[in-house]
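# Chain and residue survey
Okay, here's what each chain looks like letter by letter:
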Amino acid sequence: MKRNLAILGSTGSIGTQALEVVAANPDIFEIEVLTAQNNADLLIEQAIRFRPNVVVISNETLYDKVFSALDPLDIKVYTGEKSLSSVVQMESINMVLTALVGYAGLIPTIAAIKAGKHIALANKETLVVAGELVTGLAAKNRVDILPVDSEHSAIFQCLVGEFHNPIEKIILTASGGPFLGKDREFLKNVTKLQALKHPNWSMGAKITIDSASLMNKGLEVIEAKWLFGLTPDQIEVVVHPQSIIHSMVQFEDGSIKAQMGLPDMRVPIQFALSYPARLKSDFPRFDFSKYPSLTFQQPDLQTFRNLGFAFEALNQGGNMACIVNAANEIAVASFLRDEIGFLEMSDLIEDCMQRVSFVKTPTLEDYIKTDEETRRRALEFSF
Ligand code: NDP
Ligand code: MG
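The rules behind these values
- Residues numbered from 1 in each chain as written.
- Chains lettered and ligands numbered in written order.
- Predicted model: local features only at pLDDT ≥ 70, side-chain atom pairs only at ≥ 80, totals over all residues.
- Heavy atoms only, no water.
- Salt bridge = Lys/Arg side-chain N within 4 Å of Asp/Glu carboxyl O.
- Buried < 20%, exposed > 50% of the residue type's maximum accessible area, 1.4 Å probe, protein only.
- Helix = DSSP H or I, 4+ residues; strand = E, 2+ residues; numbered from the N terminus.
- Contact = heavy atoms within 4.5 Å.
- Domains from an automatic or database assignment.
- Buried area = accessible area lost by both parts, 1.4 Å probe.
- Nonpolar A, V, L, I, M, F, W, Y, C, P; charged D, E, K, R; others polar.
- Axes fitted to C-alpha atoms, helices over the stretch in contact; angles between N-to-C directions.
- Parallel < 35°, antiparallel > 145°, perpendicular 65-115°, else oblique.
- Left-handed = near helix turned anticlockwise from the far one by under 90°.
- Donors = N, O, S within 2.8 Å, 3.2 Å for Na, K, Ca; no water.
- Pairing = 2+ DSSP bridges.
- Near = heavy atom within 4 Å.
- Polar contact = N/O pair within 3.5 Å; in protein donor to acceptor, adjacent residues only side chain to side chain.
- Areas by Shrake-Rupley, 256 points an atom, 1.4 Å probe, with all protein chains shown as cover.

### Overview of the pattern of salt bridges
- Tallied over the full model, the rule gives 21 salt bridges.
- Asp264 is the partner of Arg266 in a salt bridge, and the nearest nitrogen-oxygen pair spans 2.8 Å.
- Accessibility expressed as a relative area gives 18% for Arg266, which makes it buried.
- The exposure class assigned to Asp264 is buried, which follows from its relative accessible area of 14%.
- Lys290 is the salt-bridge partner of Asp287, the closest N and O atoms lying 4.0 Å from each other.
- Judged by relative accessible area, Lys290 falls into the exposed class, the value being 64%.
- A cluster of three or more residues bridged by salt bridges with shared partners is formed by Lys124, Asp149, Glu151, Lys217 and Glu220.

### Some thoughts on the side chain of Ser83
- Within the secondary structure layout, Ser83 lies in helix α4 (residues 83-87).
- Residue contacts for Ser83: discarding those within four places in its chain leaves Val56 and Tyr78.

### Side note on the domain arrangement of the protein
- Here the protein is partitioned into domain 1 (3-147) and domain 2 (152-316).
- One C-alpha centre belongs to domain 1, the other to domain 2, and the line joining them spans 25 Å.
- Facing 25 residues of domain 1, the contacting portion of domain 2 comprises 28 residues.
- Of the roughly 2,300 Å² buried where domain 1 meets domain 2, counting both sides, 71% is carbon and sulfur surface.
- For Glu20, the salt bridge goes to Arg266, with nearest N and O atoms at 3.0 Å.
- Secondary-structure elements contributing two or more residues to the side of domain 1 that touches domain 2 are β1 (3-8), α1 (13-24), β6 (118-121), α6 (125-140) and β7 (145-147).
- Here the side of domain 1 that touches domain 2 is composed, by residue class, of 15 nonpolar, 5 polar and 5 charged.

### Some words on the packing of α6 against helix α14 (residues 320-336)
- Packing of α6 against α14 leaves a shortest axis separation of 8 Å and a crossing angle of 155 degrees. It follows that α6 is roughly antiparallel to α14 by the angle criterion. As for the relative orientation of α6 and α14, their crossing is left-handed in sense. Counted together, Glu125, Val128 and Val129 of α6 and Ala321, Cys322, Asn325 and Glu329 of α14 form the full contact between these two elements.
- In terms of residue class, the contact of α6 with α14 is made up of 4 nonpolar, 1 polar and 2 charged.

### Some points on the coordination of the magnesium ion (ligand 2)
- Only Asp149 (OD), Glu151 (OE) and Glu220 (OE) from the protein reach the magnesium ion (ligand 2) as donors, at distances of 2.1 to 2.2 Å.
- In primary sequence terms, the donor set of the magnesium ion (ligand 2) follows D-x1-E-x68-E. Linking Asp149 in the loop between β7 and α7 (150-159) with Glu220 in helix α11 (residues 215-228), this pair joins segments that are 71 residues apart in sequence.

### Focus: the sheet that holds strand β5 (residues 95-98)
- In space, the 7 strands of this open sheet follow the order β4-β3-β2-β1-β5-β6-β7, with parallel pairing throughout. Each of the sheet's edge strands pairs with one partner strand only, and the pair in question is β4 (76-78) and β7. With direction set aside, neighbouring strand axes in the sheet form an average angle of 20 degrees.
- Examined bridge by bridge, β5 and β6 share 4 bridges and lie parallel to one another. If you follow Val96 over to β6, its bridge partner there is Ile119.
- In the packing of helix α5 (residues 106-114) onto the sheet, contacts are made with β1, β5, β6 and β7, and the angle to β6 comes to roughly 150 degrees.

### Concerning the site of ligand 1
- Taken together, 24 residues form the shell around ligand 1, and within it Thr11, Asn38, Asn39, Glu125 and Gly204 come nearest.
- Contacts to ligand 1 include Asn38, whose backbone N or O atom sits 2.6 Å from an oxygen atom.
- Side-chain polar atom of Glu125 to an oxygen atom of ligand 1: 2.7 Å apart, as the coordinates give it.
- Burial of ligand 1 by the surrounding chains reaches 85%, relative to a free accessible area of 900 Å².
- Split by residue class, the shell around ligand 1 holds 10 nonpolar, 11 polar and 3 charged.
- Looking at the shell around ligand 1, you find at least three residues from each of domain 1 (3-147) and domain 2 (152-316).

### Considering the packing of α6 against α11
- Two elements in contact, α6 and α11, have axes whose closest approach is 9 Å; the angle formed by their N-to-C orientations is 5 degrees. Classed by the angle they form, the pair α6 and α11 counts as roughly parallel. Here Leu127, Val128, Gly131, Glu132 and Thr135 of α6 come into contact with α11, specifically with Leu219, Ile222, Glu223, Trp226 and Leu227.
- In the contact of α6 with α11, the residues fall into 6 nonpolar, 2 polar and 2 charged.

Quick look at the structure:
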């Protein structure tokens, strides 16, 4: 079962952990493609170690640096807007791990699916923006979309052996993030340093802010709809601060299956890359005696409005989730530049949902236009 991988976003949190999995299983995985946006030094180091055929450095100003380091090793180096979409089509690849952040994942993922490559999907924004189109293309091209996101991997793992049994509902667990239990008065003045301190997971900056605002759970609700073919009322969110149960499926007989373990992204990454096999690992094991209580509570939708926006976007359909995603990307980037406050991120998303043109049955062109229009509006938004 040799698997030849392209890792889009190999220098990020998911990308580097995926390379740990690859390094521990050299008989199973071969690296064909590695890509990064700005981190040329790490990309070069990874390429020297894993010897891909091709690397992509998206920031064009760094091309010469990467080229001069890797050309002597016979590793091809590409840059430019279309390079991700072309390299994923390489004959030698069987699976693409999409570990880049945000809307930038959409077009390369579509190109990979059309070329018949299986997708290990970390880039949840792809399904948020254009879930119907992407899952439709995957079905048409008979490619699997294997979830990397821990909650969706948990649900997928609960469904193995149950694919013919209807789901009554799924229960997505949320840690609640660093601001669990805080009120709006407190959140008004929180800084990015506070928001970037996630209690259980170490992740890239964008998803860490999304976790603090519960937008991440909102994006995951939409991701789950498309991955598992659910209606909004079949998706429940429960706050579980210990992040040990990664999510659950309730079947029509009332039975609930949960998948659990320590919060360690290498487990779902490895399962997506090796599915249907489970590979032996030396990741730390869960010890029940260290967790005498696992607790659960309702999410606070009054304080964390973004989760409600995601359900609203699902109920409205069309391009509304694409609007929410683009507005959120601008909101998070502005918050990380200290230009807007924590609560203002939700105000900005709400404004875009009300004002950007709604399209009931969008095409890919419509999604591209919606993304552009939303970003423009979001940047004009004043408080
Ligand atoms: P990081 O920010 O850590 O890494 C992102 C990677 O993508 C880096 O390699 C970065 O390159 C590259 N990149 C960023 N923007 C672009 C762009 N516009 N074009 C091309 N390449 C780009 O992110 P994470 O690893 O945390 O997250 C990746 C995806 O996985 C996200 O969609 C996130 O929601 C999802 N995810 C992450 C989890 C986690 O634990 N981290 C858990 C579940 C899902 P460079 O380093 O050069 O900037
Ligand atoms: Mg998750």
